Amino acid sequence: MREILYNEKITLPEIIVVGDQSVGKSSVLEAISGIQLCRAQNICTRCPSELRMKSTANIEYTIIHNSKRSEDEAKTLNDMNEISNAVTRLTKEIADEGTNVSSTPIYLTVYKRHIPYDLTLIDLPGITRNPLPGQPKDIHAQILNLINKYIEPVTAVVLHVIPASVNFATSESMKLAKDFDPQCLRQLIGAPKIDKDDNIAEKLLDRGPGAMELKLYCIAVVNRNQDEINENITLKEMKKCETDFFLKHPEAFQYLPDEFKGIDQLVKKLAIIQITKKNREKTLQLKNIPIPLTSEQDCWMKFQSMINAFRESIRTKVNGDYDILTRVNMITNSNQISAESIDSKMLSSCKTNENLMDSMLGDDRLAYHIYRFQRNFQDELTKTFSDFFSSDYYKFVLHAIDDGAGVSLPNFPSYQMSERLFHGELQRVSRTCFALMARISEYLKERLLRIFHQVFDIQYIRLVEQLKDVIIKQIDLAADRATERIQEILDMKYRIFIINNLYPDKVNEMKERLIKKDKEQQGEAPPPPITMTAVAPQ
């Protein structure tokens, strides 16, 4: 999958091997795999090499190719000693002769007996700071960009090969990794050349200068040096030499736990990381697989359970069963203020900044938001009407009286004039009412669809799409019925008539209050009140 999806923006679990040039990366990989890889005096790895270790009980062989070739062109090697030369030839084919690097990967699949774990590792070119003859001046930047591409995905576990004598925290590869993994949760260090640092045991245990705390540990390894290679010391013999090294230096390693010592422990750690990641992914995939529905009854029961959950979720939110007290307690604990202060601040926030209140208590409070729609409607409706006692409205009434001249007897305002003033106010009411309906309709669509996606299983895509249309259609139908009802009420109000006996009493009371106020301002006694009687409906 990794090979096929190389050019796609899809990340897969992988173990990336990084480090400076000539620090022993190839030696560590040789010890892990048990096969001899290519070596060079200067730069050895010049393109990404994916090493796949597969156990087999039959003949040992290796398959090698690159992404520029098809699988049919892959070469099979039956002699393990030919791997190094084959990798060298393929590297030259990809990156040309010399010391240039390439981002085109080599795929090396090794089928070998007596492999304790199947592993896949990706070896990247070593970090070089000074260009070698024939290399571009920006070779350092090219290699860093290549490393960043591989270590950035959260699915990548990075094995840093850092000599024991080097400060782990300030090594360049670790600095790169911290940009994508600041807490170093997926970083692992393999430390060769442990004979160069007397305090290596303390360093591996995250103590002392140059140490670094890692969740995946730092593990000491002993690799073949050039003299041992020249003496044809095999990788199997080198494992025994590594064990003897730890035994011969008890003063340095006697208190170091075994999981920090040796290539076998490093291989075991890498295998656990890879297996744990795969298990986690498979478990997640299993959880996401829907329950098999093998009969019509199973389908109906599944559908009914989701419908019931959707209905119950709406009911609780309409009835106000949201956990406000818990949220208030969280605010109280975090700010260490009294409940009375919380209540006053919440009330003040409701009045001055409703958006802030919404963000503090969440958006799933259907009852609360519908109530706020109603309160805002009341405020808007009050502001919609004209100021009947203002001078502007007084002039407007006089203008209406003038327009009605000749329609009725002098000094008797026409009925049409009153009707004209009333209908002007009624038109403003209708606009406010229909605007309220539109806001509530849009809010319910957004909220109910959000609740719907939280409750319904996204595995049933066709069912989800059909039910979304049903929900929107039902909200539109309900909005249409409410709009028709509002229009009926407004049509009834279009005709002016009074059936409330309190209306003339209220008008008389207001007139008495205004006359009394005017007389008091002029210092005169108020005259007898002018009464008004109810008029029969037209």
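Here, every reference points to the structure presented above.
Only a predicted model underlies this, so the values are computations on that prediction, with no experimental measurement involved.

Colleague: I'm lost on the nonpolar core in this one. Help?
Modeller: General note: in soluble globular proteins, nonpolar side chains tend to be found buried as a group. Grouped together as the largest cluster of nonpolar side chains are 41 residues, with contacts concentrated most on Ile32, Ile83, Leu266 and Leu270. For this core, the secondary structure elements donating two or more residues are β1 (14-18), α1 (25-33), β2 (49-55), α2 (83-95), β5 (106-112), β6 (119-123), β7 (156-161) and α9 (263-288). The element best represented in this core is α9, accounting for six residues. Other than its neighbours up to four places away in sequence, Leu266 contacts Val28, Ile32, Leu159, Leu188, Ile219 and Val221. Of all hydrophobic cores here, the second largest spans 25 residues; its members include Phe373, Tyr460, Val464 and Ile475.

Colleague: Even after reading the chapter, I still don't get the pattern of salt bridges, so can you show me in this structure?
Modeller: Side chains bearing opposite charge may pair, as long as their charged atoms lie close to each other. Following the criterion strictly, the structure yields 18 salt bridges and no others. In this structure, Glu380 engages Arg439 in a salt bridge whose closest nitrogen and oxygen atoms are separated by 3.1 Å. Taken together, the residues span a long stretch of sequence, with Glu380 in helix α14 (residues 366-384) and Arg439 in helix α16 (residues 415-455) at a distance of 59 residues. Taking the shortest distance from any N to any O, the salt bridge between Glu488 and Arg485 comes out at 3.1 Å. Placement of both Glu488 and Arg485 in helix α17 (residues 461-494) is noted, with a separation of three residues, approximately one turn of the helix. A relative accessible area of 46% means that Arg485 is categorised as partly exposed. Connected via shared salt-bridge partners are Asp20, Arg129 and Glu172.

Colleague: Where do I start with a nonpolar patch on the surface in this structure?
Modeller: Where nonpolar side chains cluster on the molecular surface, the patch consists of Phe385, Phe388, Phe389 and Leu514 and spans about 410 Å² of accessible area. For Phe388, the location among the structural elements is in the loop between α14 and α15 (391-403). Its relative accessible area of 43% is what places Phe388 among the partly exposed residues.

What counts and what doesn't
Residues numbered from 1 in each chain as written. Predicted model: local features only at pLDDT ≥ 70, side-chain atom pairs only at ≥ 80, totals over all residues. Heavy atoms only, no water. Core = buried A, V, L, I, M, F, W, Y, C linked by side-chain atoms within 4.5 Å. Buried < 20%, exposed > 50% of the residue type's maximum accessible area, 1.4 Å probe, protein only. Helix = DSSP H or I, 4+ residues; strand = E, 2+ residues; numbered from the N terminus. Contact = heavy atoms within 4.5 Å. Salt bridge = Lys/Arg side-chain N within 4 Å of Asp/Glu carboxyl O. Patch = residues over 30% accessible without salt bridge, like charges linked within 9 Å, V, L, I, M, F, W, Y side chains within 5 Å. Areas by Shrake-Rupley, 256 points an atom, 1.4 Å probe, with all protein chains shown as cover.

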